[in-house]
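Chains, contacts and geometry: an overview
Residue strings, one per chain:
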Amino acid sequence: LLILGDLGIRFEDTDENKEFTEWFLSLDKHIAVVEGNHENHPFINSFPSDTWCGGEIHRLSDTIVHLKRGNVYEIDGKTFFVMGGCKSSAKWKEMGLWFDGEEPTEAELSLAYSNLKKYNNKVDYVLTHKYVNYKEVEKDKYPTLSLEGLTKYIDENVTFLHWYSGHWHINKIIDGDHTIVYDEPIPIS
């Protein structure tokens, strides 16, 4: 199972969230997590680092891994480029539902470009928390070292079979190449 962000482990200091965190981390299922913006990033990043399927991870349990930003993983003969995180809105920050580390750093973005180049700008799947259809945004240019700049770069320069993202809390097929996933499990095609 691949989760595309906003998992929410240790995100709030409530009994319900603590129970969810304990339950999730005790699952005996193979799960890979791309972090969203609604995550306790310091908590997730406190887990031991390891290598898994050719990329760097945090091992959350024996069977659950956090896929680190900018890495490419080789799973069942397919390549998966991963970029988690994005910026939360002011509303979420005002409510205190925010943790430092939600946006990719320059080092993570540089790693992303470097790994895409290493794979000759060709991967089977792109997994991100946020997808921005830069063609529909009024901005003419994005800075190179930004999540939006990376999105534009991938759409214009990287060959992939399909791009799956989360963030928007909807299930939506954008087009034949891009799908937003929220709460409907779908097979990777």
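Placed above this text is the structure.
Just so you know, these numbers come straight off a predicted model, no measurement behind them. (Residues numbered from 1 in each chain as written. Predicted model: local features only at pLDDT ≥ 70, side-chain atom pairs only at ≥ 80, totals over all residues. Heavy atoms only, no water.)

The strands that make up a sheet are held in pairs by hydrogen bonds between backbone atoms, and each pair lies either parallel or antiparallel. A sheet is described by the order of its strands in space; here six strands give the open sequence β6-β7-β8-β9-β11-β10, paired in mixed fashion. The sheet is open, and its two edges are formed by β6 (72-75) and β10 (172-175), each paired on a single side. Recorded for the sheet is a direction-independent mean angle of 20 degrees between the axes of neighbouring strands. Relative to the sheet, helix α4 (residues 106-118) contacts β6 and β7 (78-83), its axis offset from that of β7 by approximately 160 degrees. Strands β7, β8 (125-128), β9 (162-165) and β11 (178-180) of the sheet are contacted by helix α5 (residues 147-157), whose axis makes an angle of about 155 degrees with β7. (Pairing = 2+ DSSP bridges. Helix = DSSP H or I, 4+ residues; strand = E, 2+ residues; numbered from the N terminus. Axes fitted to C-alpha atoms, helices over the stretch in contact; angles between N-to-C directions. Contact = heavy atoms within 4.5 Å.)

Here we come to unusual backbone geometry. The backbone of R10 shows a phi angle near 50 degrees, a positive value even though the residue is not glycine. Mapped onto the elements, R10 comes out in the loop between β1 (2-3) and α1 (15-25). Backbone geometry places N120, a non-glycine residue, at a positive phi of 55 degrees. By secondary structure assignment, the location of N120 is in the loop between α4 and β8.

A contiguous patch of negative charge, built from E12, D15, E16, E19 and E22, is present on the exposed surface. Mapped onto the secondary structure, E16 falls in helix α1. (Patch = residues over 30% accessible without salt bridge, like charges linked within 9 Å, V, L, I, M, F, W, Y side chains within 5 Å. Areas by Shrake-Rupley, 256 points an atom, 1.4 Å probe, with all protein chains shown as cover. Salt bridge = Lys/Arg side-chain N within 4 Å of Asp/Glu carboxyl O. Lys, Arg positive; Asp, Glu negative; His and termini not counted. Charge placed at Lys NZ, Arg CZ, Asp CG, Glu CD.)

One pass over the structure, following the stated rule, counts ten aromatic pairs. Relative to Y125, the ring of F80 has its centre 5.1 Å away and its plane inclined at 25 degrees; by these criteria the two rings are stacked. On the criterion of sequence distance, the pair formed by F80 in strand β7 and Y125 in strand β8 is long-range, its members being 45 residues apart. Note on F80: relative accessible area 7%, which makes it buried. Its relative accessible area of 6% is what places Y125 among the buried residues. (Phe/Tyr/Trp six-rings, centres within 6.5 Å; stacked < 30°, edge-to-face > 60°. Buried < 20%, exposed > 50% of the residue type's maximum accessible area, 1.4 Å probe, protein only.)

Turning our attention to the layout of surface pockets. In this structure, the largest pocket encloses a volume near 820 Å³. What lines the largest pocket is a set of 32 residues, among which L1, L2, I3, L4 and A32 lie closest to the centre. Going through the elements one at a time, β1, β2 (31-33), β5 (64-67) and β7 are the ones with two or more residues in the lining of the largest pocket. Grouping the constituent residues of the lining of the largest pocket by class yields 19 nonpolar, six polar and seven charged. (1 Å grid on protein atoms, 1.4 Å probe; cavity = no way out; pocket = protein on both sides within 12 Å on 5 of 7 lines; lining within 4 Å. Points joined across faces, edges and corners; volume = space filled by probe spheres on them. Nonpolar A, V, L, I, M, F, W, Y, C, P; charged D, E, K, R; others polar.)

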